[in-house]
Structure formats: structure tokens, C-alpha cells
Amino acid sequence: MNTTTHPDAVGRYVVHGQSHFFAIKRSEIERCGLAAARVIATFELLPGRFVLTISLMPEIAQFGPFESGVQLLGLLGTNADLSPYEATRVEALVRLFDVAAICGIDKSVLDGLAMIGKNAAEIFKGRIVWARPDAYALVAAMPGVIARRCVELGPVLGLECAAGEGMHIDGREWDISDAGGTIRLSSRAYRIQPVTDLDTGVKGHVVGLPCSCGNRDPLVVLD
Amino acid sequence: MANLLHARDINSQSYPDFLDPIETASRGYLDALQEGALVSTSAHGYRYAPLIRELWDGSGIKPSDIRSKADFQEKAPFLDKDMIRAYRDGRGDPSGGMSAAVPGETVYIGTTSGTTGDPTPVPCGRRSPSEESFARDQWYFGARPGDYMAWIMFTFRTGHRRRIMGEMGIAELLFSMSPAEMPRLCEASRIYRPTFMSIMPNPLILALEQHFERSGEDPVDVFKSYKGALFGGEPLGERLRNLTKSWGLELFENTALGDVCGASECRMRNGFHAYEDLAFIECIDPVTLEQVPDGQIGELVVTTLVDRLTPLVRYRSGDLVTIDRSPCGCGRTHARFKLLGRASDQVLVKGRSILPREVLGHVECHSETRAGLFQIIRTDREMDELALRIGYDLTRLKTDVAELHARLHDRISTAFDVPLRVELVDEQELLKLGPPHKIPRVTKQ
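1. Notes on the overall build of chain B
Line of reasoning, step 1. Of the regular secondary structure elements, chain B holds 14 helices and 21 strands.
Line of reasoning, step 2. Taking the principal axes of the C-alpha coordinates as reference, chain B spans close to 70 × 65 × 40 Å.
Line of reasoning, step 3. A buried classification covers 47% of the 445 residues belonging to chain B.
Line of reasoning, step 4. Summarising the internal contacts of chain B: among those between residues at least 6 apart in sequence, 65% fall at separations of at least 24.

2. Concerning the pairing of strand 5 (residues 171–175) of chain B
Line of reasoning, step 1. Counting buried positions along strand 5 of chain B gives five out of five residues, so the element sits mostly inside the fold.
Line of reasoning, step 2. The alternating pattern of strand 5 of chain B places Ala171, Leu173 and Phe175 of chain B on one face and Glu172 and Leu174 of chain B on the opposite face, and all of these are buried.
Line of reasoning, step 3. Pairing geometry for strand 1 (residues 9–15) of chain A and strand 5 of chain B, over two bridges, is parallel. Among the inter-strand pairings, Val10 of chain A is bridged to a residue of strand 5 of chain B, identified as Leu173 of chain B.
Line of reasoning, step 4. Relative to strand 5 of chain B, strand 4 (residues 148–152) of chain B runs parallel, the two sharing five bridges. Within the sheet, the bridge partner assigned to Ile152 of chain B lies in strand 5 of chain B and is Phe175 of chain B.

3. Comments concerning the sheet that holds strand 15 (residues 347–349) of chain B
All names here are of chain B.
Line of reasoning, step 1. Spatial ordering of the open sheet is given by 16-15-18, a layout of three strands whose pairing is mixed. Bordering the open sheet on either side are strand 16 (352–354) and strand 18 (382–383), each of which pairs with just one other strand.
Line of reasoning, step 2. Judged from the two bridges that link them, strand 15 and strand 18 form a sheet pairing that is parallel. Bridging from a neighbouring strand, Leu348 pairs with Glu382 of strand 18.

4. Some thoughts on the pairing of strand 2 (residues 108–111) of chain B
Residues and elements named next belong to chain B.
Line of reasoning, step 1. By the alternation rule, side chains of strand 2 split into Tyr108 and Gly110 and Ile109 and Thr111, which are all buried.
Line of reasoning, step 2. With four bridges connecting them, strand 2 and strand 3 (residues 121–124) associate as antiparallel partners. Opposite Gly110, over in strand 3, you have Val122 as the bridge partner.

5. Thoughts on the interface of chain A and chain B
Line of reasoning, step 1. Across the boundary between the two partners, chain A contributes 38 residues, which contact 38 residues of chain B.
Line of reasoning, step 2. Within the residue set of the side of chain A that touches chain B, elements represented by two or more residues are strand 1, strand 2 (18–24), strand 3 (50–55), helix 2 (60–72), strand 4 (76–81) and helix 3 (87–97) of chain A.
Line of reasoning, step 3. The residue makeup of the side of chain A that touches chain B, split by class, is 18 nonpolar, 15 polar and five charged.

6. Comments concerning the sheet that holds strand 1 of chain A
Line of reasoning, step 1. Pairing is mixed in the open sheet, where eight strands are placed in the order 2(A)-1(A)-5(B)-4(B)-6(B)-7(B)-8(B)-9(B). For this open sheet the edge positions go to strand 2 of chain A together with strand 9 (261–264) of chain B, each flanked by a neighbour on one side alone. Each adjacent strand pair in this sheet contributes to an overall mean axis angle of 30°, direction not counted.
Line of reasoning, step 2. Sheet analysis places strand 8 (residues 251–257) of chain B next to strand 9 of chain B, joined by four bridges and oriented antiparallel. When the sheet's bridge partners are listed, Asn254 of chain B is paired in strand 9 of chain B with Ser264 of chain B.

7. Comments concerning helix 4 (residues 107–115) of chain A
Residue and element names in this part refer to chain A.
Line of reasoning, step 1. Of the residues making up helix 4, those classed as buried are Val109, Leu110, Gly112 and Leu113. The buried residues of helix 4 occupy one face: seen down the axis, they fall within an arc of 160°.
Line of reasoning, step 2. Where helix 4 is buried, its residues meet strand 3, helix 3, strand 5 (101–105), helix 5 (120–124) and helix 6 (133–140).
Line of reasoning, step 3. Gly117 sits one or two positions beyond helix 4 and adopts a positive phi of about 80°.

8. Quick notes on the nonpolar core
Line of reasoning, step 1. Val129 and Val139 of chain A together with Met149, Ile152, Leu173 and Met200 of chain B are the most contacted members of the largest nonpolar core, which has 144 residues in total.
Line of reasoning, step 2. Tallying contributions element by element places helix 1 (residues 26–41) of chain A first for this core, with six residues.
Line of reasoning, step 3. For Val129 of chain A, the contacting residues outside a window of four places in its chain are Ile102, Ile105, Phe124, Val139, Val145, Ile146 and Ala147 of chain A.
Line of reasoning, step 4. One finds Ala37, Tyr275, Val301 and Leu320 of chain B within the second-largest nonpolar core, a separate group that totals 40 residues.

9. Let's talk about unusual backbone geometry
Line of reasoning, step 1. Backbone torsion omega between Ser198 of chain B and Ile199 of chain B reads -5°, so that peptide bond is classified as cis.
Line of reasoning, step 2. Mapped onto the secondary structure, Ile199 of chain B falls in the loop between strand 6 (196–198) and helix 9 (202–215).
Line of reasoning, step 3. Non-glycine residue Asp98 of chain A carries a positive phi angle of around 45°.
Line of reasoning, step 4. Residue placement: Asp98 of chain A occurs in the loop between helix 3 and strand 5.

10. What about the environment of Leu230 of chain B?
Residues and elements named next belong to chain B.
Line of reasoning, step 1. Note that Leu230 resides in strand 7 (residues 228–231).
Line of reasoning, step 2. For Leu230 and Val313, which are 83 residues apart along the polypeptide, the C-alpha to C-alpha distance reads 28 Å.
Line of reasoning, step 3. Those residues in contact with Leu230 that lie beyond four places of it in its chain are Ser198, Ile199, Met200, Phe252, Asn254 and Ser264.

11. Concerning the packing of helix 3 of chain A against helix 4 of chain A
All names here are of chain A.
Line of reasoning, step 1. Relative to each other, helix 3 and helix 4 sit at 85°, their axes nearing to 8 Å. When the interaxial angle is binned, helix 3 and helix 4 end up roughly perpendicular. Every residue of helix 4 that contacts helix 3 at Ala87, Val90 and Glu91 is listed here: Val109, Gly112, Leu113 and Met115.
Line of reasoning, step 2. Among the residues forming the contact of helix 3 with helix 4, the class breakdown is five nonpolar, one polar and one charged.

12. Regarding the packing of helix 9 of chain B against helix 11 (residues 238–246) of chain B
Any two packed helices are characterised by how steeply their axes cross, that is the angle between the axes, and by the distance between the axes.
Residues and elements named next belong to chain B.
Line of reasoning, step 1. As a packed pair, helix 9 and helix 11 sit with axes 11 Å apart at the nearest point and diverge in direction by 50°. For the element pair helix 9 / helix 11, the angle class is oblique. Relative to helix 11, the crossing made by helix 9 is left-handed. In this structure, helix 9 uses Asn202, Ile205 and Glu209 to contact helix 11, whose residues at the interface are Leu240, Leu243 and Thr244.
Line of reasoning, step 2. Class assignment of the residues belonging to the contact of helix 9 with helix 11 gives a composition of three nonpolar, two polar and one charged.

About the thresholds
Residues numbered from 1 in each chain as written. Chains lettered and ligands numbered in written order. Predicted model: local features only at pLDDT ≥ 70, side-chain atom pairs only at ≥ 80, totals over all residues. Helix = DSSP H or I, 4+ residues; strand = E, 2+ residues; numbered from the N terminus. Buried ≥ 20, exposed ≤ 12 C-beta atoms within 10 Å, placed from the backbone. Contact = placed C-beta atoms within 7 Å. Pairing = 2+ DSSP bridges. Nonpolar A, V, L, I, M, F, W, Y, C, P; charged D, E, K, R; others polar. Axes fitted to C-alpha atoms, helices over the stretch in contact; angles between N-to-C directions. Arc of directions from axis to C-beta. Core = buried A, V, L, I, M, F, W, Y, C linked by C-beta atoms within 7 Å. Parallel < 35°, antiparallel > 145°, perpendicular 65-115°, else oblique. Left-handed = near helix turned anticlockwise from the far one by under 90°.

Take a look at the structure:
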């Protein structure tokens, strides 16, 4: 039996509003988890603290490595769907587990919290919140919230570290460029579905200088 | 993508019918296995889960008192969800005193759907008992290495950590639990030709129905590679079973085995299979707590035999069931159970027992209410009339609301022969009561 050319999962990425299937192996997710762990570690969370990931099931290529990084650091992961209907769960999980960090918030979740009469600023106060582009400004304006950006660049999740100088991209895994004003992506390591010069459609530029957190992986800054 | 699609072609070898030989073990072997597992589960639960220890101490029972299945059934205290919630709220313990913090074993915390309150945390390790039961079910239905399966789910159960299908050589096509995903599901089904689908609840079937009506896409072609699909979240009505059958998609119901793992029906349609090496099941009278003989209605009580992180011991599920321990025609020897409904959902109207499952068929058979969205308004367990709130689709109204009301009232009151009050509402209002895949079927107001 030969299943080495068979993926473990098929998720998706969206570019220019178009959804594309994206096949992935579990080994790829865990490999990318190392880089995610390095970014999360800059916040110096104690093992045993909770981290809430807000995503959808097809976002495995983007958020699977993040969850793997959480686990590598001895943190405990928990999840909610990216949906206004999940606002009740988001509020309950943050309250029950005193979560240290929340990754993947978007505007729909903020709207959902408002719909059920919850004050997002109070819920997120004192916590790290990685917000997607449509929610970042709102979260950053909340007093006492440690707001950081997270952005899907095709099948990759860019994630800001504690220094907040831009979104880290795993340099061992991906070649990135900003030719034409949008971030373009190619895979470097063996992948079951390689990517070559993919235009992610995300407007930004690449910073080659090391981040002040000490990480020399490339940074993406949105334009 | 073509290079990814040929793995199935090179897997020409045959596989055994069952993933694990334990599924066909003799009753004697299962009994012996359970006896040993109950002794060790009792000790583990007492040692690690504070609520279990408190309950047992309160009853004057020690793990050393449990030396056999008979000891267990005679002495072990029962546990229920209200106790877990009370412990959670009273002690500030999110797990409700049930999380056995075994160092190094807990990887993440899943949660239940939270239909009736705060979601219940479910601590999980590298592989959960639910994944084990799910893998066996998939194998039984015919998924094999090199295949694809469509996996439609919320992230709150496992996040992106599920490994079990990948480890079986089966690739998961991932979809969120949203009607908006259905066109993508159809596209993926035509590209990857998956073997199986899980989970397909009522709202997604209705979304598919609308998609096929609008797009003209041929459902038989879309689903031609499927050997079946798991249906879950709520009872399956005849209309949707027949609808999906007309698409060539055979549905199999799935339910929770008392929050310990999953249970699915097989092609014999003889009830849900309970894997008795993963869980010990009992059936009790919910009032007297006495054991109920197999074949008679009682409340399902489940004890995990394998879960070290949530050691549910004698957990009262609240499900009314009948148990059958005779071997199944599918070849498996483990017990099956038929699910009648939740004890807390049951209403007695003029002495007649009524459960949501019985109402469904009388609602979904009308075009305007084909989504089967309704609630029983249960002010008390015993009531003088059956009160129903039924959601209807404004766009499918044939004449007027009064005519629909009369049609529903006639059919339901004739079927149950009890006084009936029907309140009609826009189904969109009921859907807001979510979570999106199901609504509370019983409400106090």
C-alpha cells in the first residue's frame, strides 16, 4: 500500500475572493508549528494557560500550525467557530478558562458579541488578541487589550509577535516577495501540494531585517 | 491536483470488515474485559476527578469496594450533568470536577454544543474515545486507505487536531457547518469522489435541497461515490431520509453515547452500536434508579472504560432508550440501543407520553414547514394540552397562515389525540435560537 502521495486533509485558501482547495499532510502542519511556537513564545505565557483559536474547519493550513505551536509550548488549546453565532461560546470560554490569548477574531465575532449584549472590550481586557484585518482597528482601540494582527496569506497565517513589528512568516517553509505590491508565496520544503509564486492578493511589503524579538524570519507589513 | 487522486487506485488489496477484532468478540470476552476495566476506571476516577471522589466519599464508597461488575452496579454512585454544572458553578472549576489533570496527557479542551447553557468542556488527549468510535464506524461503512471523506464540522470539538483519519490513510475534505458551504461540498465531491460524509444535519440537507433546486445540478452525480453519510445533531425525519435517498445518499444516524464517545446505526438499522470495550452501558428506571431489563425503556447510564481525562463513572445521560445485547446482523456483537428521546424533553399530556422525535414527522411533511423547525413548550412534565411553536417558511406559504395553522393542527391533534395549541412563527426567528445546526426542541416559554 502506498499512501505517501495521499493528503491527510484538504482545506482551502481564498485569493481574490476565489476559494481553492488545498491539500496538506499532518507532518507539514507540525513542521510549521515550530515557527508558530516561536512567535507565540514571545508573549512568555506560562504552560497550562489557555489559548482560544477562532477559525473554520477548512482553515487547517492556516490555523493547524498555530494550534501545533500552542501545544508545543505546553499551553492548552480550545476552539470556537468563526461565526457570529459562536459569540456565546467565545464569551463562555474566555470566562471559564481565563484564556490568555485569542487568535482569529474577525468583525463577525465582534458583531455576534454585540448582538448578545456582551461588551467585547471587557471580555478581551488584559488578553492577547490576534485580530483579522476587518477587526484589527476595533480591537486595537479597546483599552487594555494586547492587539496583534493575524492575516491569511493564501494557505499561510501571518502572525505578529509581542514586538508587533509585522507578521512573521516561516522562512524555512515559504519564500515570499512583494513584487507588484501584493505578497507572493512559494513553498520551499517538500509539500503534498506545492505552491509556486502564488499571488495572495494581500497588499503589503516584506521586511527582511530581523525583528526585535530576535526572529530572523521575514516580516510582512500591510500597506 | 491529479497527482493527489490516484492513491485509491493503487490500493487494490482487500481489507477485513472490521477495523478491530474486538468488535466481534464474544459476550463472555466482553464481560470479562468490562469487569476488569470497571475496577480500574473506578480507581482512576476516584483518584483524579474531584467530583467523583466527593460523590463516592459522600456515599461511603472506596474504589477498593469495587471488585466486580456486580459490586459496581450495587455500590457506585450515579453522576449527572446537573451535578457537573453545580460543581462547575460552585467551585469555579470549568470541567465541573470531571477533568482528570493527568500530567502530560491533556492536549486540548473541546466543548459540547452548548444548546442548553454554557458549553461543557471535554478534555482531550492525543486520541479521544470519540475518534476511536468514529474510526470504527467509518471503516464499517467502507472507508479505506486512499479514500477521501467529507468532514463537515464545527471547530469547537477538536479544532484542527484530528489525526485519526489521516492515520488510517483517509484524507478529510474539510467544510464548516454552514449552508453556504454546500456548493463547495458538491464541487469537492465531483473532484475527489469521497467515500463517506460526516456530519450531515437537518439544516445542511435543506441547504443542499435548495442548492439543487436553484442550480439544476444533479445530486445523483454529485453523490455517486458515497457509501453513506452520518446524520447527527437531531432525530432524522422520514422526509429528509427519503429526500437524500433519492439523491443516492444513504444516511445513518449518529448520536452521543452519554458524552463518552459516539454511536452510529449500521445497515441493519437495528439501533445505535455502543462499543462496549470503550463504554459500559446500563439502563435504569429514572425514578427508582433500579436496573431495567434489556428491551424495556429506561435511562441510559454510561461509564467510560478508556477515557483517562474525563472519567465519567455511572453518568446518567438523560436519554430514554431500550438496550439489545443480541449480536447484530452486521456481524458485531456489542450492545445496541434505540433512542426514544431525552427524559427531560418528555411531556405527558392527559397521560400520553410525547417526545420531539414523534412530532417531527407531522411538521416536516408540509411544504411550508419542511425544515421541521418546532419547539414543544413544556411548562411542566405533565400538562393538559400539547403546546407547539412551529416555524414556517414565508416564501413557501400556499394560501395564508390561518390555512397552514388549520392543516397542522388537524394533523397533529389527530395523530396524538390530545388537546393542542399551535403557535406559528417565521422559521428565521427559531433559527436565531441556534447553534446553527439545531435549536432547543423543548422550551419553558
